[in-house]
Amino acid sequence: RGIPLASNQIQYSLLYRFPESNGLLQACQELNVQVLAYSPLALGLLTGKYTTPESVQAMKGPRRQLFSKIVGTPEYTRLMDTMQQVAQAHSTTDRSISVSQVAINWCRSKGTIPIPGARTLRQVKSNLQDAIADDNH
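These notes cover the structure that comes with them. (Residues numbered from 1 in each chain as written. Predicted model: local features only at pLDDT ≥ 70, side-chain atom pairs only at ≥ 80, totals over all residues. Heavy atoms only, no water.)

1. Things to note about the environment of Thr-92
Then comes step 1: With respect to the helices and strands, Thr-92 occurs in the loop between α5 (74-90) and α6 (99-109).
Then comes step 2: Between the C-alpha atom of Thr-92 and that of Thr-47, which follows or precedes it by 45 residues, the distance is 19 Å.
Then comes step 3: Among the polar contacts made by the side chain of Thr-92, one reaches the main-chain amide nitrogen of Asp-94 at a distance of 3.2 Å. (Helix = DSSP H or I, 4+ residues; strand = E, 2+ residues; numbered from the N terminus. Polar contact = N/O pair within 3.5 Å; in protein donor to acceptor, adjacent residues only side chain to side chain.)

Printed below as a string of structure tokens:
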């Protein structure tokens, strides 16, 4: 109808990179369509809260089954170790960078607007801290 698409909301994170391999991310960039990346923290898997299979056992519901397949695998452990190293490398005495912020900023570095979920005010502030700090540089 001649109305250009302005944005496309897709699942995208360090753990779900399918939009890269199926061409969706590239197509959006070529068409100047802004990608809104939902679940940039992969349902909480990229927050650093779940690092061992034992940390998943206290969970209830479908996430427990999903997380138990991922947490503890060599690939997940390597990813979390790398994210922790990046967080530490960018932290200063004035500002501590979290693993969550690394995951969110990775999405931003890919040209997307991440829309992370948050359950607490502390999580909202942490997510926002990265955006504000990056815009001030």
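2. Side note on the sheet that holds strand β2 (residues 34-38)
Then comes step 1: Judged by pairing direction, the sheet is parallel, and its three strands sit side by side in the order β1-β2-β3 without closing on themselves. Each of the sheet's edge strands pairs with one partner strand only, and the pair in question is β1 (7-11) and β3 (113-115). Strand-to-strand twist in this sheet, taken as the mean axis angle between neighbours without regard to direction, amounts to 30°.
Then comes step 2: Where β2 lies against β3, three bridges are found, and the strand directions are parallel. (Pairing = 2+ DSSP bridges. Axes fitted to C-alpha atoms, helices over the stretch in contact; angles between N-to-C directions.)

3. Things to note about unusual backbone geometry
Then comes step 1: Here Ser-39, not a glycine, exhibits a phi torsion of approximately 60°, which is positive.
Then comes step 2: Tracing the backbone through its elements, the reader meets Ser-39 in the loop between β2 and α3 (53-57).
Then comes step 3: In this structure Ser-39 comes out as buried when scored by relative accessible area, which is 15%.
Then comes step 4: Of note, Leu-43 is a non-glycine position whose phi angle comes to about 60°, a positive value.
Then comes step 5: Mapping Leu-43 onto the fold places it in the loop between β2 and α3. (Buried < 20%, exposed > 50% of the residue type's maximum accessible area, 1.4 Å probe, protein only.)

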